[in-house]
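Observations on the model geometry
As a plain string of letters, each chain reads:
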Amino acid sequence: MTIGVPESKKSDVLQGTLDLMVLKTLEALGPLHGYGLARRLEQLSRDVLRLNEGTVYTSLLRLQQQGWIASAWGVSENNRKARFYSITRRGRKQLVTETENWERISGVITRLLQLAPGGDF
Amino acid sequence: MRGLFEGGQADREFDQEVEAHIGLLAERFVREGMTPDEGRHAAVRQFGNVTFLKETRAELRSFAPLQALGQDLRYGARLLRRSPGWTVVAVMTLAIGIAANATIFSLVQAVLLEPLPYPDSDRLVVPCTVFKRLGTDRGSVAYADIMDWRAERGLLDIVAAYNPSRADITEGAEPERVPALRADDVYFRVMGMTPLLGRFFTPEENLPNGPRVMILSHKLWTRRFGADPGVIGRLVEIFGVPTTVVGVARPDGIWPADAELVRPLGTGGQPDADMLRRDNHVYRALARLKPGVTIEQAQAKLTVVAAVIAKRETNRAETSWKLHSMDSYIVGPSARRTLWVLLGAALLVLLIACVNVANLLLARGIAREREIAVRAALGAGRRRIAVQFLAESALLSATGGVAGVVLAYWGLRALILAAPRDIPGIEQAHVDARVLVFSVGLCLATTVLAGLAPALRAARISPARSFHEAGRTVSGTLRGGRLRSVLVVCELALAIVLLTGAALLVRSVGRITTIDPGVSPEDVLTVEITLPTARYANDPQIADAFDRITAAVRRVPGVVTASAASSLPIGGGGFYLGRVFLEEGQPAPPASTDTEAAWSVVQPGYFGAMKIPILEGRAFTSHDAATSAPVIIVSQAMARKMFPNRSPIGQRIRSWRDENLYREIVGVAGDVRYYSLAGDVPHNVYVPHTQNSWNGLSLVIRTRVDPLSALASVRSAVWSVDKKLALANVQTMQQIMDKDMAEPRLSMFLLVLFGLTALALSAIGVYGIVAYAVTERTREIGIRMALGAARLQVVAMLVWRALRLAAAGLLFGLAAALALTRTIESLLFEVKATDPAAFGAAAMLLVGIAVTAACIPAYRASRVDPVATLRSE
């Protein structure tokens, strides 16, 4: 039996970041399959983020579970059968909230890092 | 773990997706210059842990709500299987509760909720006379009343007159008597039915000397005429007179439904003076409300009309009219109330069962506290833990529900066999779709009722506290204990309510059985015989025929004596004279002080055969002939009413029945209950058959053998006088009395059954509490005993707790019972709803059982070996 699977809210920051990145990518670029998504993230992060590409699927699964993305089978550019993921309406709403959250937190962190020794805000 | 609701298909697709991804990645590396092998390895490396991914996926997926519920159910089922004893107790408890409800609900639905089978039956009304002095609003009506109702065109569409009667079909080998109806030509229009074959009566056929015709019921047509479509026009002998079959009614086309054939009433044409008398209440009526007119509106208008008539006519004092809707007429208020009370009692039983199962679940919840704490610590939400508990109670109640419905199916059959025949519709009761829906509803309610408290408690468990306490077994007599105690107190209180109700009915039925009916019913056979007027036209012929019949019956071996009377005790008989009995030489008293009485015509020897004592004067003899002085015998109550402080013997009285004929009182007989055991003692008067001949009498045959075994010889004795007489309503006096008691006995039996079930369930509850306290305090008990506490002290300590619970339950229960037993007040006979003996008996029984239930685990605890207990810690 399943014992105490942590709910997504309790997930660590990095995981949350990945979800945010996936949602944003899907919003910006439209439906993508897993491989395509991994490539886009790789390009966007300009190789700063070296992902375990499998974690993209963890994120996709989680987002799908929450109903923020949907998936459908289609044909890829090279005529392979592939599952395409796209953002749902609820996903867009979530993206707005998450983005606001991120901006608030990153703002705090940025200001924190700008804190000069002995100085004040 | 594999999901229930997503198959392997999804798993395979996911594998494909991952595989495709890795493949694409490998291709890319190959394009960038790696060998296929290197590319593949690099791809797998970059992709990361596939197994981990699959696990995550499975975990995420199993979190889907449906998935979780399926899991909870399977987990619950496993738990239940692991403790079969516990499960059987819980399931049976619920099964009994649900069975009781489904059974009674089937009855309620068949008798009270099923609509009548007649078209627009909600517009059918039964107008009756209200006789205030007799305390009935179901009296028969005068034809003049029917004429007044017919004049009310704005309220009533049509009003039919009819009379229940009986008919002897006298052709063929054995004459047969069937219940029948005499109805006028509009009766079938009121019913709103069309004939199945032939036609209904014409107005000419309803004339006093109209042609002899009849309509067969569907039942008689199939039973006796083999559903022959050519039956129309056939001549059938009724009471020896050839009668033409003109029609066959549809099933349910005749009411009262037991009537098997209908003959014209003969009220057509100009009503004669006798029919126009306002106090000649010999008809029954059936009417159809005009569309759009409510029964209340019609009633209000008719009440006004009745009041006007009452002012005008001197013989209308204390009577008015009442319109019954047909269904309220069919199922009288007492049967209605009985059924609702029984359904209420069954619901109480179910409530107790729920409380009991809640208690069982709680006890188990406490035992599982550690497991729950672990799950909570691992992050399971409160809702999820609560759902797990509810899933378990859902499983229990669903299983209990299935078992309950099966039990109800059998229970209902048994109940129908045991129930008195005269509850209409009871034979149609069966476990149908609506009963099943009702049972499913009960299961849902049970799930919540039984599972909610344990679920909420489990959800409240804080991981930290539980870990903290889990190591200490001598902990928390308070943990869950208080809630469980509250539940047991509830259970005991509910049981007290049921037991008190049962005790009241037991006392009441006990009272009824001690009533002296005024006759000695043992070894008395009764048989109804009607002489056909065609062959027995005048009084001397009728009297002579009955004399010959009783004489022939007296010669039958095993017969002690035989006589005949126009009505039988308890059987609801007697021609009731609600009119003045006038003493000779006295002015007529005002209407309100009339002396009314039940009038019976008897043959000599009747008082001896029934063992009715003659207290003063003499019984009738063969010298009381048609030509000798008119005589009458009165009952003791009647004598006291009319002749207080003096002897009635030799006084002369007359009644409406005899018009201006004064009869001399020659004897005073003991009081006999002619209507029912529980009813009032009516005044009775008896007149010799020779001086007032009736063509339909009941033979009363006292035997020295089993009365029913004499039937065959009695029949041939009757047929030795006339081969074409039907022997109808063959029953012993004992059977008549049993029938009269059947309804109170049945409700008593059911309430006692429910009460005992409640008692057993609450005993289990108390037992559980004490047994749990014992396990909880085993160590403490061990220490106490090691320190030298006497065994008795230990037992007393544990029983004391049970006693406190019982006392609390008793207090609340008695209060609730005081409030609730009022609802059964009308079912009681000579017992008050607050009868202290019934309350006391119920209370003592409950406390006794509770203490006994507590003693068993307590006694067991006192036998524990202190050393062993301490060591096991």
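Residues numbered from 1 in each chain as written. Chains lettered and ligands numbered in written order. Predicted model: local features only at pLDDT ≥ 70, side-chain atom pairs only at ≥ 80, totals over all residues. Heavy atoms only, no water.

Tallying secondary structure elements over chain B gives 26 helices and 23 strands in all. In terms of principal-axis extent, the alpha carbons of chain B reach across some 135 × 80 × 60 Å. Expressed as a percentage of its 873 residues, the buried residues of chain B come to 52%. Sequence separation of at least 24 residues holds for 80% of the intrachain contacts in chain B that already meet a minimum separation of 6. Summing over all exposed atoms, chain B offers an accessible surface of approximately 38,600 Å²; the carbon and sulfur share of this is 60%. (Helix = DSSP H or I, 4+ residues; strand = E, 2+ residues; numbered from the N terminus. Buried < 20%, exposed > 50% of the residue type's maximum accessible area, 1.4 Å probe, protein only. Contact = heavy atoms within 4.5 Å. Areas by Shrake-Rupley, 256 points an atom, 1.4 Å probe, with all protein chains shown as cover.)

For the rest of this paragraph, the subject is the overall build of chain A. Tallying secondary structure elements over chain A gives four helices and three strands in all. Starting at the N terminus, the α and β elements of chain A follow one another as α-β-α-α-β-β-α. In chain A, which comprises 121 residues, the proportion classed as buried is 38%.

As a further point, take a positive patch on the surface. All names here are of chain B. A contiguous patch of positive charge, built from Arg74, Arg78, Arg81 and Arg82, is present on the exposed surface. As for its position among the elements, arginine 81 is in helix α4 (residues 65–82). Of the residues examined, arginine 81 reaches a relative accessible area of 63% and is grouped as exposed. (Patch = residues over 30% accessible without salt bridge, like charges linked within 9 Å, V, L, I, M, F, W, Y side chains within 5 Å. Salt bridge = Lys/Arg side-chain N within 4 Å of Asp/Glu carboxyl O. Lys, Arg positive; Asp, Glu negative; His and termini not counted. Charge placed at Lys NZ, Arg CZ, Asp CG, Glu CD.)

Residue and element names in this part refer to chain B. Mapped onto the fold, methionine 748 is located in helix α22 (residues 733–776). Along the chain, methionine 748 and valine 506 lie 242 residues apart, while their C-alpha atoms are 6.1 Å from each other. Apart from residues no more than four positions distant in its own chain, methionine 748 is found in contact with Leu505, Val506 and Val509.

Residues and elements named next belong to chain B. Counted according to the given criterion, the structure contains 30 salt bridges over all chains. With a closest N to O distance of 2.6 Å, glutamate 176 and arginine 223 form a salt bridge. Here glutamate 176, found in strand β4 (residues 176–183), pairs with arginine 223, found in helix α8 (residues 218–225); they are 47 residues apart in sequence, far enough to count as distant. Taking relative accessible area as the criterion, arginine 223 reaches 42% and is therefore assigned partly exposed. Residues joined by salt bridges that share partners form a network here, namely Glu176, Lys219, Arg223, Arg224 and Glu260.

Turning our attention to the side chain of serine 563 of chain B. All names here are of chain B. Structurally, the position occupied by serine 563 is in strand β13 (residues 559–565). A distance of 3.3 Å separates a polar side-chain atom of serine 563 from the backbone oxygen of glutamine 603. Polar contacts involving the side chain of serine 563 include one to the main-chain carbonyl oxygen of proline 604, which spans 3.1 Å. Beyond its immediate chain neighbours, meaning those up to four positions away, serine 563 contacts Thr550, Gln603, Pro604, Gly605, Tyr606, Ala609, Ser698, Leu699 and Val700. (Polar contact = N/O pair within 3.5 Å; in protein donor to acceptor, adjacent residues only side chain to side chain.)

It is worth spelling out the nonpolar core at this point. Side chains of nonpolar character tend, in soluble globular proteins, to be buried together. Residue and element names in this part refer to chain B. Counting residues in each nonpolar core, the largest one holds 121 residues, and the members touching the most others are Tyr606, Tyr686 and Leu798. The greatest single-element share of this core, amounting to 18 residues, is contributed by α22. Grouped together as the second largest cluster of nonpolar side chains are 42 residues, Val553, Val559, Val601 and Ile653 included. (Core = buried A, V, L, I, M, F, W, Y, C linked by side-chain atoms within 4.5 Å.)

Next up on the list: the packing of helix α5 (residues 84–113) of chain B against helix α14 (residues 382–418) of chain B. Residues and elements named next belong to chain B. One can describe the packing of α5 onto α14 by two numbers: an axis separation of 6 Å at closest approach and a directional angle of 45°. Put simply, α5 runs oblique to α14. Crossing handedness for the pair α5 and α14: right-handed. Partitioning the contact of α5 with α14 into residue classes produces 17 nonpolar, nine polar and no charged. (Axes fitted to C-alpha atoms, helices over the stretch in contact; angles between N-to-C directions. Parallel < 35°, antiparallel > 145°, perpendicular 65-115°, else oblique. Left-handed = near helix turned anticlockwise from the far one by under 90°. Nonpolar A, V, L, I, M, F, W, Y, C, P; charged D, E, K, R; others polar.)

From the geometry alone we can't say anything about function, so treat these as descriptive.
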